[in-house]
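Structure assessment
For reference, the chains in residue letters:
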Amino acid sequence: MALSDSVTTCLSPPVHYVICKLGFEKKETCDINNILSENGEVCWQAVTECVCYLESDQSVDYIKSIRLLGPVCESVNLHFKSLTKEQFVIQYALWFHWTNCTELFLEVFDVLQYTQTTEVALGLMKLTSCLERALGDVYLLIGKDCPFLLRDLLASEQLAVVFGQAVMNVLKVFIGSPYGLNLRNVLWHGFASPQEIPAKYCAMLLFLTAGLGQLLQTYLLQTKCILVHRPYVIFVSLEELDVFPGKYLTTNLDNETLSIAEELVKLSSFVLKTMLPFWMAALTAFKQSRYADCVILLLPQLEVGLRLLFTTTNKCPNRLLTAEVKFLSKVSYDLLLTMLAKHLDNEEVNQLPAVLEEPAMASEFLWDFLNHQEGPRIRDRLSHGEVNLEAFPREVANQIVAFGITLLCRFSDKDKFAFKEHVVIKPLINCASCYRSRFHPISRLKKQVLECMKSINLWPELPTVPEEHIQTIKGLEGNAEASTLILMIFEVVSQLQQYMPQNCCSSDDPINSVLTERLLIELCNMRIRTLYSPRPVLEIVVVLRKISTQCHQVSEQVIASSELRYKQWMNKTLRSRQRHNYLRMLNSIKFLSPVLRLILVLITLELFNIHLICKKSPFDYQQYLKFLKSVLQYTENLVTYTSPEKNKWDEAMELTNKALIKIRKISDRKLMLMQLAT
């Protein structure tokens, strides 16, 4: 891993030239008065005239444009340095209001006064993310679905209508195009070190943002439109993100832990020496309670470290310098996914996940926090400006920093054992080593099943009328169908018992002893490997989740109807037909409860069996999907029949009887599948 000491840049020679040299080649100075009017408005014509176009197809000639815009950027940077904060606020603050992040842009001005390279890079990352969000809000003045990628947003007709195509081409030179400076991507993906980002480009983007605000005001006045800002995404259920909980850390990440982390940064081969300032700045930001800044700085560095491991373990050092135009133009938005993929481009097995799995289950952690659709998707939220930076939760930053510390420790060449055994580091290592995915579809299904079972377990506590009232209703006594239902449930449960934990079963009462929350908890606690789940497994999980959702909906409807009808019964406000229907409902839910619980147990067992079967032997999963979809159809119909609008309890029981017959018929085949799995 000596590579971490020898690497001086992660920018390939062509990209390094474009960012660090091209904009400095033209030595002529640009008079600020040529691009800024006396009343403080950006002279867009003068700026757009610096953008050149190829003769062949009239697309932007990025090389010539960057060369011509270099002196303009320098002039803007010097202009800003000549202003006091008060002067800048008076002249420009109004034009940042459209971004809904005025204070952030004022902070960037402060940073430019001191030209601290790390802070400039951080300011540029925050500026581009907030600018992208604001441009998305403008897009929605005309369009409907805002593009996810910045380059698609900048290329949209909607923004060209508002700002003009020439203005959008200026923006493309700086951000959004892999053929231009591409400042956003090279920073957010960790290719650029602090000293490789010229401050004048940050100043120019600040200037352009103000100019966009001026153009937007004109457009809004002409069209009488009102710019509406989309609400920020709020991280909910923070307890689900609690991988490194406070119970293992006296005061979470205290100063002692952070001090050790600073030592590890200097020693770990996970850190490129050119990137060390970013790591130190991230830890400083955490100490200062600037949690968004901390994570913004740290996420690209985690990607750099992983890329270093990726290139080393897979023996492809050239991939460390993959900030190439042709590469970034295709997959710049999912470089991390590429590194965590099962196979390389040449179909050979990717060695990186194997290196990461042993110490920290890092692959699953990264997928959970960054990529899974139902996870927090922290990098997406931050890089696309979707979260309020001022309200970024400490809990999330705590997890990212703690995870980073485990990687630093794992790949420290010196005193590795001493660090791992340190009283404040060891709990972090222990937490990471037993990490299980929380946001993979399989993990979410487990959560759904347990929540549904909790809901069904409330049924026995529901208020109900005395049993004798039910028995007096004609047609409810001596229900032969009910006995048949119980018998079928008994048969299926008896067949499944051999595949369940023995401590959860009782031969005396298999239905009530097996179909329990305790069993589901035990089954859900069993580990299932989620990384690289085969497509058939994921397709089956989609259907299983839909079934679970419908079961939960039935349970919630039963609870709501029971409570309402009981209240109406006691108040004697039910008509004769409603009373009869209510009593039929009470009779029906006695049998629906074990049926729904049986379905939940079957769902949970499928998670293990299908995953194992797909690995061991091929099987006709399309036929199996057909069966599962028939169960889904049953639960969907059950939702309809048990809804307050329908209240068709006799039909619900008839439907349930048919579904159980189908489940029992395939039980032999299921047993064969389970034997294959075990």
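The numbering scheme is per chain: residues are counted from 1 as the chain's sequence reads. Only residues with pLDDT of at least 70 are given local features in this predicted model, and only at 80 or more are side-chain atom pairs given and counted; all residues enter the totals for whole chains, interfaces and linings. Only heavy atoms go into the side-chain values, all of them from the structure, while hydrogens and water stay out.

1. Let's talk about the overall build of the protein chain
As a reminder, the rule being used: Counting from the N terminus, the helices are DSSP H or I runs at least four residues long and the strands are E runs at least two residues long. Here the term buried applies to any residue with accessible area under 20% of the maximum for its type, exposed to any over 50%, and partly exposed to those in between, with areas from a 1.4 Å probe on protein chains only. The contact definition used throughout considers only heavy atoms, calling two residues in contact when any of these lie within 4.5 Å. The accessible surface values rely on the Shrake-Rupley method and a 1.4 Å probe; as for residues, cover is taken only from the protein chains in view.
Helix and strand content of the protein chain: 33 helices and two strands. Expressed as a percentage of its 678 residues, the buried residues of the protein chain come to 58%. Sequence separation of at least 24 residues holds for 76% of the intrachain contacts in the protein chain that already meet a minimum separation of 6. As displayed, the protein chain offers around 29,600 Å² of accessible surface, 53% of which is attributable to carbon and sulfur atoms.

2. Notes on the packing of helix 7 (residues 117-139) against helix 12 (residues 199-223)
Which entries qualify depends on this criterion: All axes here are fitted lines through C-alpha atoms, helices being fitted over the stretch that makes contact, and every angle between N-to-C directions spans 0 to 180 degrees. Note on angle classes: values under 35 degrees are labelled roughly parallel, values over 145 roughly antiparallel, values of 65 to 115 roughly perpendicular, and the remainder oblique. Should the near helix be turned counterclockwise from the far one by less than a right angle, the crossing is left-handed, whereas a clockwise turn marks it as right-handed. Each residue receives one of three labels: charged for Asp, Glu, Lys and Arg, nonpolar for Ala, Val, Leu, Ile, Met, Phe, Trp, Tyr, Cys and Pro, and polar for the others, Gly being one of them.
Contact geometry of helix 7 with helix 12 gives a least axis separation of 10 Å together with a crossing angle of 20 degrees. Classified by the angle between their axes, helix 7 and helix 12 sit roughly parallel to one another. Considering only the axes of helix 7 and helix 12, their crossing is left-handed. Across the interface between the two elements, Val-120, Leu-124, Leu-127, Thr-128, Leu-131, Leu-135 and Val-138 of helix 7 pack against Ala-199, Cys-202, Leu-205, Leu-206, Thr-209, Leu-212 and Leu-216 of helix 12. The class makeup of the residues in the contact of helix 7 with helix 12 is twelve nonpolar, two polar and no charged.

3. Considerations on the nonpolar core
This is how it is decided: To qualify as a nonpolar core, a set must consist of buried Ala, Val, Leu, Ile, Met, Phe, Trp, Tyr and Cys residues joined through side-chain atoms within 4.5 Å.
In terms of nonpolar packing, the biggest core is built from 161 residues, with Phe-80, Phe-174, Ile-378 and Phe-392 touching the most fellow members. Among residues more than four places away in sequence, those in contact with Phe-80 are Phe-88, Tyr-92, Phe-109, Leu-112, Gln-113, Ala-203, Leu-206 and Phe-207. If you look at the next biggest cluster of nonpolar residues, it comprises 69 residues, including Val-554, Trp-569, Leu-586 and Phe-627.

4. Observations concerning the pattern of salt bridges
A pair can form between side chains of opposite charge whenever their charged atoms are brought close. Our working rule: Here a salt bridge means any side-chain nitrogen of Lys or Arg lying within 4 Å of a carboxyl oxygen belonging to Asp or Glu.
Using the criterion set out here, one finds 22 salt bridges in the structure. As a salt-bridge pair, Lys-85 and Asp-110 come within 2.9 Å of each other at their nearest N and O atoms. Here Lys-85, found in helix 5 (residues 85-92), pairs with Asp-110, found in helix 6 (residues 102-112); they are 25 residues apart in sequence, far enough to count as distant. On the accessibility criterion, Lys-85 (34% relative accessible area) is partly exposed. For Glu-364, the salt bridge goes to Arg-527, with nearest N and O atoms at 3.4 Å. Highlighted residues: Glu-364 in helix 19 (residues 362-371) and Arg-527 in the loop between helix 28 (517-525) and helix 29 (535-570), separated in sequence by 163 residues. Its relative accessible area of 37% is what places Arg-527 among the partly exposed residues. Here the salt bridges share partners, and the residues they tie into one network are Glu-107, Lys-126, Arg-290 and Asp-293.

5. Some remarks on helix 7
Heads up, the condition is: Each helix should span, by expectation, one fewer than its residue count multiplied by 1.5 Å.
Look at helix 7: 32 Å from first C-alpha to last across 23 residues, which is about the 33 Å you get at 1.5 Å a residue. Counting buried residues in helix 7 gives 21 out of 23 residues, a clear majority hidden from the surface.

6. Considering the packing of aromatic side chains
Quick reminder of the rule: Ring pairs are drawn from Phe, Tyr and Trp, using the six-membered ring of Trp, whenever the two centres fall within 6.5 Å, and their geometry is named by plane angle: stacked under 30 degrees, edge-to-face over 60, tilted for the rest.
Applying the stated criterion to the full structure yields 20 aromatic pairs. Seen from their ring centres, Phe-365 and Phe-369 are 4.3 Å apart, and the 15 degrees between their planes marks the pair as stacked. Of this pair, Phe-365 and Phe-369 both sit in helix 19, four residues apart, which is roughly one turn of that helix. In this structure Phe-365 comes out as buried when scored by relative accessible area, which is 2%.

7. Observations regarding the side chain of Gln-448
Put simply, the rule reads: Counting of polar contacts relies on pairs of N or O atoms within 3.5 Å, with two restrictions inside protein: one atom must be capable of donating a hydrogen and the other of accepting it, and residues adjacent in sequence are counted only when both atoms are side-chain atoms.
Mapped onto the elements of the fold, Gln-448 is located in helix 24 (residues 441-456). Polar contacts involving the side chain of Gln-448 include one to the side chain of Arg-545, which spans 2.5 Å.

8. Section: the environment of Val-228
With respect to the secondary-structure elements, Val-228 resides in the loop between helix 12 and helix 13 (255-267). Judged by its relative accessible area of 58%, Val-228 is exposed. In sequence terms Val-228 and Leu-141 are 87 residues apart; their C-alpha atoms lie 8.1 Å from each other.

9. Concerning the side chain of Gln-301
Considering the arrangement of structural elements, one finds Gln-301 in helix 15 (residues 291-313). The residues contacting Gln-301, other than those within four sequence positions of it, are Phe-270, Met-275, Phe-278 and Trp-279.

10. Some details on unusual backbone geometry
The phi angle of most residues is negative, glycine excepted, and most peptide bonds adopt the trans form. A positive phi angle is found at Asn-100, which is not glycine, with a value near 65 degrees. On the secondary structure map, Asn-100 appears in the loop between helix 5 and helix 6. In the Ramachandran plot, Arg-377 falls in the positive-phi region, its phi being about 45 degrees despite a non-glycine side chain.

11. A short note on the environment of Leu-283
With respect to the helices, strands and loops of the structure, Leu-283 is situated in helix 14 (residues 276-287). C-alpha separation for the pair Leu-283 and Val-265, spaced 18 residues apart in sequence, amounts to 10.0 Å. Those residues in contact with Leu-283 that sit more than four places away from it in its chain are Leu-258, Ala-261, Glu-262, Val-265 and Val-401.

12. Digging into the confidence of the model for the protein chain
Note the threshold: pLDDT gives the predictor's per-residue confidence on a scale running from 0 to 100.
In this model, the protein chain carries an average pLDDT of 87, and 87% of its residues clear a pLDDT of 70 or more. Segment residues 247-251: pLDDT under 50, and five contacts once partners within four positions in sequence are set aside and those in other chains are kept.

13. Section: helix 29
In a regular helix each residue adds 1.5 Å, so 36 residues correspond to 52 Å; helix 29 covers 53 Å between its end C-alpha atoms and thus fits that length. Positive phi appears at Lys-572, one or two residues downstream of helix 29, with a value of about 60 degrees.

14. As for the packing of helix 4 (residues 62-82) against helix 10 (residues 165-174)
Where helix 4 meets helix 10, the closest approach of the two axes is 10 Å, and the angle between their N-to-C directions is 90 degrees. Judged on the interaxial angle alone, helix 10 and helix 4 are roughly perpendicular. The segment helix 4 lies against helix 10, with Tyr-62, Ser-65, Ile-66, Leu-69 and Cys-73 engaging Lys-172, Val-173 and Phe-174. Grouping the constituent residues of the contact of helix 4 with helix 10 by class yields six nonpolar, one polar and one charged.

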